[in-house]
Amino acid sequence: MLNKNNILSLLLLFIPVSIAAHYLEWGSAVVFVTSCLAIVPLAAWMGTATEEIAVVVGPSIGGLLNATFGNATELIIALIALNAGLVSVVKATITGSIIGNLLLVMGFSMFLGGLRYKEQEFQSVVARVNASAMNLAVIAILLPTAMSATTPGIDESILQRLSVAVALILIIVYVLSLVFSMKTHSYLFDVGMAENEEEGETETEAASHKPNIFLWVGVLLVVTLLVALESELLVDTLEEATSQLGLTALFTGVILLPIVGNAAEHATAVTVAMKNKMDLSVSVAVGSSMQIALFVAPVLVIAGWFMGQPMDLNFNPFELVAVVVAVLIANSISSDGKSNWLEGILLLAAYAVLGLAFYFHPVVEGFV
Amino acid sequence: MLNKNNILSLLLLFIPVSIAAHYLEWGSAVVFVTSCLAIVPLAAWMGTATEEIAVVVGPSIGGLLNATFGNATELIIALIALNAGLVSVVKATITGSIIGNLLLVMGFSMFLGGLRYKEQEFQSVVARVNASAMNLAVIAILLPTAMSATTPGIDESILQRLSVAVALILIIVYVLSLVFSMKTHSYLFDVGMAENEEEGETETEAASHKPNIFLWVGVLLVVTLLVALESELLVDTLEEATSQLGLTALFTGVILLPIVGNAAEHATAVTVAMKNKMDLSVSVAVGSSMQIALFVAPVLVIAGWFMGQPMDLNFNPFELVAVVVAVLIANSISSDGKSNWLEGILLLAAYAVLGLAFYFHPVVEGFV
Amino acid sequence: MLNKNNILSLLLLFIPVSIAAHYLEWGSAVVFVTSCLAIVPLAAWMGTATEEIAVVVGPSIGGLLNATFGNATELIIALIALNAGLVSVVKATITGSIIGNLLLVMGFSMFLGGLRYKEQEFQSVVARVNASAMNLAVIAILLPTAMSATTPGIDESILQRLSVAVALILIIVYVLSLVFSMKTHSYLFDVGMAENEEEGETETEAASHKPNIFLWVGVLLVVTLLVALESELLVDTLEEATSQLGLTALFTGVILLPIVGNAAEHATAVTVAMKNKMDLSVSVAVGSSMQIALFVAPVLVIAGWFMGQPMDLNFNPFELVAVVVAVLIANSISSDGKSNWLEGILLLAAYAVLGLAFYFHPVVEGFV
């Protein structure tokens with residue numbers, strides 16, 4: 001049977017293929033698709049390397065590493081796209097990652113987990129705290145959009161300054177949420193950690209496992225470089241390739257790129273859900289959304305400010321609607337701490353409906 | 001004392017009266033009001049006939065019958081109005097049915113039930129699953145409106161195609177929710193069913209009750225024909241009568257028609273609430289909203305597409321606001337699984353405020 | 001150590017200072033700031049006097065007094081501002097009071113309480129009923145705004161009539177909620193009351209405490225007169241002073257005035273939170289928001305109608321966004337009945353983000 005690891009190993013083949021496609025000029029569409037596929041296993045290796053290093057350096061610095069590199073793939077793609085001036089695509093990727101984690105990842109987890117188990121539970125306090133932090137973060141990054149939508153003719157520079165200020169507040173909240181989870185309330189998070197470790201090493205004794213830190217730091221460096229490299233190929237060909245494929249930049253940013261950047265985490269969340277560890281599965285999905293909104297988005301705003309790119313938090317108004325919808329449905333379904341296959345279907349249907357809406361969404365003038 | 005059955009029997013007199021009013025040309029207002037009143041007992045008989053047939057054909061096909069004919073009256077009125085080109089009235093009826101079930105029906109149930117019992121409970125998993133499905137469905141049918149509102153100058157044909165695609169997804173979800181409630185998780189719904197049966201036959205033994213299926217199929221056919229007939233009278237006179245009564249088409253569609261179409265279910269929900277069966281009462285209200293959003297609305301969109309009527313899911317933006325408000329308040333009040341008379345008052349007040357807003361809402365150009 | 005009572009006593013000095021500043025013409029900014037500071041201890045004394053009188057007249061009339069005078073300071077400031085024609089400032093104060101209670105007061109309570117206690121609980125039914133009533137009220141007072149925003153070119157007189165009708169419904173709901181808390185379900189509120197009393201008199205026996213009613217009625221009269229007086233100074237200098245300080249009227253109304261009017265309650269909520277009485281703390285914050293929305297706002301609409309001022313419930317659309325955001329975050333954080341310091345930080349961060357947005361919000365034409 002094809003399992004997750006085999007598929008990831010096979011996808012590594014797309015690294016040389018995408019590079020060949022670039023130098024041999026096989027066309028934008030080929031380069032774009034192959035570099036997308038090549039990023040999937042690299043993101044998975046980045047996750048593995050971070051976790052192995054975390055085992056060596058201990059929970060404190062390890063937790064910090066996980067918190068910083070957790071969405072590193074998306075961050076690298078977004079920074080390269082930002083540098084290339086694809087501001088709207090970067091914004092779309094932010095909303096798309098939030099929507100994708102809450103609806104697609106959580107939906108598949110609840111659906112596939114629910115096919116095996118009549119009812120699954122995930123009452124953990126972790127999910128609850130993460131959800132509150134995510135709600136705040138999502139609302140905060142959408143406020144400039146709301147202000148722009150309700151105040152016709154507002155000055156761009158006001159939105160940029162407001163966005164930078166909001167970004168700074170969110171990064172402070174992110175740091176405080178790390179203090180909460182690693183220092184003052186770390187005991188709440190022990191269960192999840194334990195399950196997480198168990199996941200990685202069902203065969204060996206966790207205690208006797210001593211990863212070679214130099215090896216894994218090397219792996220992390222190589223993988224990070226390769227992700228950056230492939231992201232360059234992806235970003236360079238994005239506009240031409242997507243227009244050849246009949247897709248808008250909005251659809252690419254909201255639907256396509258987040259699936260590529262999150263594929264490995266998606267697989268993890270679904271796998272643990274099928275082992276009836278819904279606590280961990282929901283934590284991965286909600287935690288990843290939270291990290292996007294509390295850390296990745298603010299970093300991109302501040303990076304854009306330094307790069308001189310007009311990166312603010314003024315999204316397409318329909319992106320605001322989509323994120324609010326995703327948050328409301330995810331809250332409504334997860335608030336009782338129980339799930340079944342139909343609830344998974346409801347989340348997937350919400351994702352499908354939003355995906356359709358973005359597919360049909362007309363290209364608005366001024367949108368790259 | 002005037003009980004529910006006596007009132008329904010008396011209202012049957014309006015069938016001949018409305019027909020007489022039509023042929024003897026007593027004026028649009030008289031025909032409109034009498035046909036409205038005539039539909040109320042017919043809707044009740046349609047419900048009774050469906051339930052009796054369901055007893056004979058068994059829970060599976062019976063459940064399917066209930067799921068299909070549960071909102072048959074509203075569907076028939078809407079189809080006839082749609083055929084007559086009253087697209088905006090049909091849309092208004094959809095939002096009005098959702099609002100009416102969540103606020104008016106649930107409000108009266110909680111208020112009148114709460115006058116008898118200090119605190120009532122309805123922690124059933126059924127209410128929870130229904131609420132999640134309804135949240136999804138409501139959001140899905142409002143997405144085209146949100147897209148239209150946030151994208152000035154969007155092409156009508158895009159909204160129509162998006163609406164049809166959303167409708168198809170919702171019908172798939174509806175079928176899957178029937179699989180959930182009748183096959184994979186039917187045990188969750190047994191309690192509700194049992195209470196429901198008990199309701200109908202407090203005197204006789206449920207086991208010994210064997211309805212005559214031919215009789216009830218005959219009743220169902222006759223009643224369906226009469227509903228259609230009365231709906232024709234109602235739709236024909238709607239525009240003239242409401243303008244004579246000083247009402248806008250929007251107010252008629254959102255407030256008046258849903259009360260007529262749902263009167264029988266309203267009575268049921270309130271009656272069982274007063275018997276302290278809040279589980280069933282809330283299930284009726286929330287389940288009916290869910291059915292409107294997951295089944296009736298999609299069917300109308302697809303029917304409109306075949307009829308060549310411009311029926312899409314692009315509502316008046318204020319209808320969107322009203323439905324979102326109704327869903328949020330209903331969720332806020334029902335989420336703890338307890339109710340008291342003040343919570344009923346809060347729901348009724350919300351309905352009154354929305355009703356006032358629709359009453360004062362100016363006639364917008366282009367609205368039939 | 002500087003405790004709450006010492007600070008309040010010191011602030012009383014600003015009463016003569018503000019009056020001197022007015023007569024000696026020390027400038028608008030000085031009068032404005034000193035009258036703001038003078039109102040803080042007066043509001044606290046008004047609260048104390050009301051509670052002492054309530055002890056004498058018994059729970060029924062006492063509860064009524066508390067319910068009416070609970071936000072008397074804000075009401076007096078708003079009425080004087082309304083009479084001076086500062087309609088937009090009055091509206092901004094309403095939204096600002098709701099936001100401030102839900103985010104700033106509850107945020108500080110949860111944060112400072114959470115620094116002392118790992119996890120605090122507040123599962124009381126009172127918080128739940130208040131939250132539902134507040135949700136309704138907030139939605140109701142925002143409906144005219146939603147109608148105005150979704151219906152371009154709507155007539156002002158329609159919004160005014162709708163606002164008055166909504167105000168009347170809300171006042172009825174307010175009266176019914178008093179019947180609920182004082183008559184039919186008073187037992188639910190006994191715990192909160194008991195804690196409240198205990199708060200005031202940890203040293204003496206509550207039973208043996210007999211306040212002199214004539215003394216306290218006198219205090220209440222004098223304090224009310226002084227509040228009115230200081231409010232006149234505040235309102236007279238508001239426009240000139242705030243423009244000198246570089247603030248917009250919107251920011252002053254939404255952020256500054258509610259802090260002044262609510263300072264005493266803020267102190268109470270935080271103090272009891274630090275004594276681990278989160279039930280009471282949350283009740284104060286949510287209850288005060290509820291009172292603003294169910295009582296103060298409707299009274300102001302009706303008063304404006306009598307004064308001939310164009311006071312309706314048509315707010316700045318971004319105010320609507322801010323209030324909805326505040327309600328959603330407060331619901332999300334309080335719905336589980338538990339709190340910790342990070343949740344306090346999340347509420348404060350939300351308040352900071354909204355405050356920034358209002359600070360950056362451009363002055364819209366037509367806004368006084």
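This is a predicted model, so every value here is computed, not measured.

Engineer: Whenever I open this one, the relation of the copies chain C and chain B confuses me. Can you help?
Structural biologist: There are two copies of the chain, and a rotation about an axis plus a shift along that axis relates them. Rotating chain C by 120° about the axis while translating it 0.0 Å along that axis superimposes it on chain B, leaving an RMSD of 0.0 Å. Such a combination of rotation and displacement between the chain copies is what one expects of a three-fold axis.

Engineer: Quick question: what am I supposed to make of the nonpolar core here?
Structural biologist: Nonpolar side chains tend toward joint burial in soluble globular proteins. Membership of the largest hydrophobic core comes to 382 residues, with the highest contact counts inside it found for Ala326(A), Ala350(A), Ala326(B), Ala350(B), Ala326(C) and Ala350(C). Not counting residues up to four positions away in its chain, the partners in contact with Ala326(A) are Ile98(A), Ile99(A), Leu102(A), Leu103(A) and Ala350(A).

Engineer: Would you explain the interface of chain C and chain B in this entry?
Structural biologist: The figure often quoted for interface size is the accessible area lost as the parts come together. On the side of chain B, 24 residues touch chain C, which itself brings 26 residues to the contact. For the side of chain C that touches chain B, the elements supplying multiple residues, two or more each, are α7 (125-150) and α8 (156-184) of chain C. Per element, the largest residue contribution to the side of chain C that touches chain B is twelve residues, and it comes from α7(C). In terms of residue class, the side of chain C that touches chain B is made up of 17 nonpolar, six polar and three charged.

Engineer: I keep staring at the interface of chain C and chain A and nothing clicks. Help me out?
Structural biologist: Counting residues at the interface gives 24 residues for chain C, matched by 26 residues for chain A. If you tally residues by element for the side of chain C that touches chain A, the top one is helix α14 (residues 341-360) of chain C, at eleven residues. For the side of chain C that touches chain A, a count of residues per class yields 19 nonpolar, three polar and two charged.

Engineer: Sorry if this is basic, but what is going on with helix α12 (residues 278-307) of chain C here?
Structural biologist: Because an α-helix packs 3.6 residues into every turn, residues spaced three or four apart end up facing the same way. Residues and elements named next belong to chain C. Its 30 residues give α12 an end-to-end C-alpha distance of 41 Å, which sits within 8% of 44 Å, the value for a rise of 1.5 Å per residue. Of all bends in α12, the biggest is about 35°, found at Ile292. Among the 30 residues that make up α12, 24 are buried, leaving the element largely enclosed by the rest of the structure. Where α12 ends, the next residue or the one after it, Gly308, has phi of about 75°, a positive value.

Engineer: How should I be thinking about unusual backbone geometry in this particular structure?
Structural biologist: Of all residues except glycine, most have a negative phi; of all peptide bonds, most are trans. Positioned with a positive phi, Glu25(A) is a non-glycine residue whose angle comes to about 55°. By the secondary structure assignment, Glu25(A) is in the loop between α2 (14-23) and α3 (28-57).

Engineer: Looking at this structure, how should I read the UniProt feature "domain: Sodium/calcium exchanger membrane region" (unreviewed entry) in chain A?
Structural biologist: Residues annotated by UniProt as "domain: Sodium/calcium exchanger membrane region" (unreviewed entry) correspond here to residues 28-182 and 217-358 of chain A. Along residues 217-358 of chain A the backbone is 85% helical and 1% strand, and the end-to-end C-alpha distance reaches 40 Å.

Rules used throughout
Residues numbered from 1 in each chain as written. Chains lettered and ligands numbered in written order. Predicted model: local features only at pLDDT ≥ 70, side-chain atom pairs only at ≥ 80, totals over all residues. Least-squares fit on C-alpha atoms with pLDDT ≥ 70 in both. Core = buried A, V, L, I, M, F, W, Y, C linked by C-beta atoms within 7 Å. Buried ≥ 20, exposed ≤ 12 C-beta atoms within 10 Å, placed from the backbone. Contact = placed C-beta atoms within 7 Å. Helix = DSSP H or I, 4+ residues; strand = E, 2+ residues; numbered from the N terminus. Nonpolar A, V, L, I, M, F, W, Y, C, P; charged D, E, K, R; others polar. Expected span 1.5 Å × (residues − 1). Bend = angle between axes of the 7 residues up to and from the residue. UniProt positions renumbered as here; feature names shortened; annotations may be inferred.

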